[in-house]
Each structure stands twice: as C-alpha cells, then as structure tokens.
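# Fold and contact review
If you want the building blocks of each chain, they are given just below.
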Amino acid sequence: NLDGNFLNGITTNYLSAVDVFDLFITDFGAKKLYQYDIYNNTHSEICTFSKSPNGICYDYINNRLIVVFWGNNAPIYEINIADGTYTNIINTGLGYLDGITMDDCGNFYVSAWSSNAIHKYK
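Anyway, here's the lowdown on the structure attached to this text. Given the structure is predicted, the values throughout are model-derived calculations rather than measurements. (Residues numbered from 1 in each chain as written. Predicted model: local features only at pLDDT ≥ 70, side-chain atom pairs only at ≥ 80, totals over all residues. Heavy atoms only, no water.)

### A look at the sheet that holds strand S7 (residues 75–79)
Cut-off, in case you're wondering: DSSP-based pairing: two strands are paired if at least 2 bridges between them are found. Numbering of helices and strands runs from the N terminus; a helix is a DSSP stretch of H or I covering at least four residues, while a strand is a stretch of E covering at least two. Between N-to-C directions, angles span 0 to 180 degrees; the directions come from axes that are lines fitted to C-alpha atoms, helices contributing only their stretch in contact.
Within the open sheet, the four strands sit side by side as S5-S6-S7-S8. Their pairing is antiparallel. On the outer flanks of this sheet lie strand S5 (53–59) and strand S8 (86–91), each paired with one strand and no other. Shown here is a sheet whose adjacent strand axes are inclined to one another by a mean of 25 degrees, direction ignored. With five bridges connecting them, S7 and S8 associate as antiparallel partners. Residue pairing for S8: Ile 79 is matched across the bridge by Tyr 86.

### Re the environment of Asp 59
We apply this condition: In this scheme, a residue with accessible area under 20% of its type's maximum is buried, one over 50% is exposed, and one in between is partly exposed, where area comes from a 1.4 Å probe on protein chains only. Residue contacts are defined here by distance: any two heavy atoms, one from each residue, within 4.5 Å place the two residues in contact.
You can see Asp 59 is positioned in strand S5. Among the residues examined, Asp 59 registers a relative accessible area of 1% and is labelled buried. Sequence separation between Asp 59 and His 43 is 16 residues; the distance between their C-alpha atoms is 20 Å. The contact partners of Asp 59, leaving out residues within four places of it in the chain, are Arg 64, Ile 66, Met 102 and Phe 108.

### Examining unusual backbone geometry
Here the phi dihedral of Lys 31 falls at roughly 60 degrees; this positive angle occurs in a residue that is not glycine. Note that Lys 31 resides in the loop between strand S2 (22–27) and strand S3 (32–37). Overall, the relative accessible area of 29% leaves Lys 31 in the partly exposed class. Of note in the backbone geometry, Tyr 96 takes a positive phi value of approximately 60 degrees without being a glycine.

Interpretation in functional terms is not warranted from these geometric data alone.
Okay, structure coming up:
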C-alpha cells in the first residue's frame with residue numbers, strides 16, 4: 001500500500017541482465033512520484049510536483065524517467081531517478097497529456113486529450 005491519493009501511471013526499469021526491477025508510479029491527486037522496490041517490498045517518494053503527473057515512461061537509454069502532465073500547455077519532465085530532481089524538457093502547447101512510450105531510437109510518443117491524437121517527440 002503506497003497510501004496514494006489517485007495512483008495512475010506506472011512503468012518499470014526492469015533490466016534482466018542486471019536484475020534491477022523497480023516500479024515507478026505517478027499519483028495524479030497528490031502530485032507525487034513513487035518508487036517501489038519489488039524485491040524488498042519497499043517504497044519511497046521520489047518527488048512532488050506543482051502539476052498533476054499522468055503518464056510515465058522509463059528511458060532506458062538515458063536511465064531517467066519521462067513524465068507527462070495534465071492541464072493546459074502540459075509539460076514533459078525528465079526525472080533523475082538517483083536524486084529526484086526534475087527538469088521541464090518541453091512545454092507541448094497541448095492539453096491534458098495522458099500516456100507516453102518510447103521506441104528503440106529514443107523517440108517519445110505522447111497521447112493528448114486536447115488534440116485526440118498521438119504526438120512524436122525526438
């Protein structure tokens with residue numbers, strides 16, 4: 001039990017070659033990001049945002065998390081897993097971002113309710 005408010009997005013950094021397996025969960029209501037250690041059954045809060053985080057993706061190329069947000073002109077943030085710091089990498093101009101995924105070339109695909117479309121970011 002994470003004691004969350006409105007748990008929403010989830011991703012993992014699972015890498016079988018190095019036996020690393022954590023879950024990362026966004027809390028839309030509390031505006032937080034949690035890390036859950038599967039092997040040790042423990043969790044911690046990584047950071048708190050001023051906006052509501054929605055979708056989340058693990059970027060295995062750069063060992064970081066990418067989070068999309070709800071609201072007008074929704075941003076995309078990168079989160080440093082080691083220390084919980086985050087940076088706004090783009091203000092999309094879109095509203096109400098929902099899901100995010102990454103392809104093998106490092107491109108990101110983001111769904112937006114405002115445009116009813118999927119958008120690609122390099």
